[in-house]
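The residues making up each chain are set out below.
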Amino acid sequence: MRRRRLSRRHSGRAGGCVLMGLTLLLAAAACLLLQPPRARDVAALFAFSTPEAARSEVLSLPARGWYLVESDARAVAACETLLEAELVRERYGPLAGVRYLETKAVDLRVTASPAQLDALAHSAQALEDAFAALQTIAGLEAQEAAAAAEALRTRLESVCQALDGALVGTDHPVVRGLAGLVYSAREAARTLAENAEAGAAEEAGAALALQYEAFTAYLLTQG
């Protein structure tokens, strides 16, 4: 009888431990489900001179959205509001359309030398500044637009030169994709500085928006 009572006591303790473990697992799972979704972390390792010189940082590319105006199978404007997009669409006739273009936020976890990290961080900021500048240029008269585009080209030229120096010998697709966006913005500014005709800045902004959307979509497939 004593053995039977001891057996039942141990069995009860074991059952209680199992029940407690299941409760903790369910609680942990509930916490995970309640946590907000995080942007995808994309690891990127770039060339650096010595391992001791490398460090890791996170570069954040924010979520963005545009109302994209399309006419004759090409994007002619990327507007911040639907009202603005509808006004642009009317200029292109009844066959033009508007669709919403959206990108997700992406966190780039980068391991690189300090010079490379600085160049990449400045590139990400320059890209944000370029989007804002192209929106402003689109609302200016031709002469003012050309002057603003030249100022933008000068700023982007400095960023591109820093990129060229910091990323020599680096062919990682992530860093080359980010650099390519900045180079595209610089070339758009150069073209507008030479000829800021009506609609040119809008088309340049649309082209850069599409390139940015393609790049962030690619990043979300990595990792």
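Note that the coordinates shown come from a computational prediction; the quantities given were computed from them, not determined experimentally.

Reading guide: rules and limits
- Residues numbered from 1 in each chain as written.
- Predicted model: local features only at pLDDT ≥ 70, side-chain atom pairs only at ≥ 80, totals over all residues.
- Heavy atoms only, no water.
- Helix = DSSP H or I, 4+ residues; strand = E, 2+ residues; numbered from the N terminus.
- Buried < 20%, exposed > 50% of the residue type's maximum accessible area, 1.4 Å probe, protein only.
- Contact = heavy atoms within 4.5 Å.
- 1 Å grid on protein atoms, 1.4 Å probe; cavity = no way out; pocket = protein on both sides within 12 Å on 5 of 7 lines; lining within 4 Å.
- Points joined across faces, edges and corners; volume = space filled by probe spheres on them.
- Polar contact = N/O pair within 3.5 Å; in protein donor to acceptor, adjacent residues only side chain to side chain.

**Student:** Which parts of the structure should I look at to understand the overall build of the protein?
**Tutor:** Summing up its helical and strand segments, the protein has six helices and six strands in all. Secondary structure of the protein in N-to-C order comes out as α-β-β-β-β-α-β-β-α-α-α-α. Put simply, the protein has 223 residues, and 35% of those count as buried. Considering only contacts in the protein between residues 6 or more positions apart, those separated by 24 or more positions represent 79%.

**Student:** Hey, could you run me through empty space enclosed by the protein in this one?
**Tutor:** Left-over empty space is what a probe sized like a water molecule reveals as it rolls over the atoms. Enumeration according to the criterion identifies one cavity of 30 Å³ or more in this entry. In this structure, the largest cavity occupies an estimated 130 Å³ of space. Looking at the lining of the largest cavity, the elements that each hand over two or more residues are β3 (64-71), β4 (74-79), α2 (82-91), α3 (114-138) and α6 (200-219). Broken down by element, the residue count for the lining of the largest cavity peaks at five residues, all from α3.

**Student:** Mind showing me how you'd approach the side chain of Ser71 here?
**Tutor:** Along the chain, the position of Ser71 falls in strand β3. Take Ser71: its relative accessible area is 8%, and that puts it in the buried class. Not counting residues within four places of it along the chain, the set of residues in contact with Ser71 comprises Val76, Tyr92 and Ala96.

**Student:** Hey, could you run me through the environment of Glu187 in this one?
**Tutor:** Inspection of the secondary structure assignment puts Glu187 in helix α5 (residues 173-194). Residue class for Glu187 comes out partly exposed when judged on its relative accessible area of 34%. Within the structure, the side chain of Glu187 is placed 3.2 Å from the side chain of Arg190, a separation counted as a polar contact.

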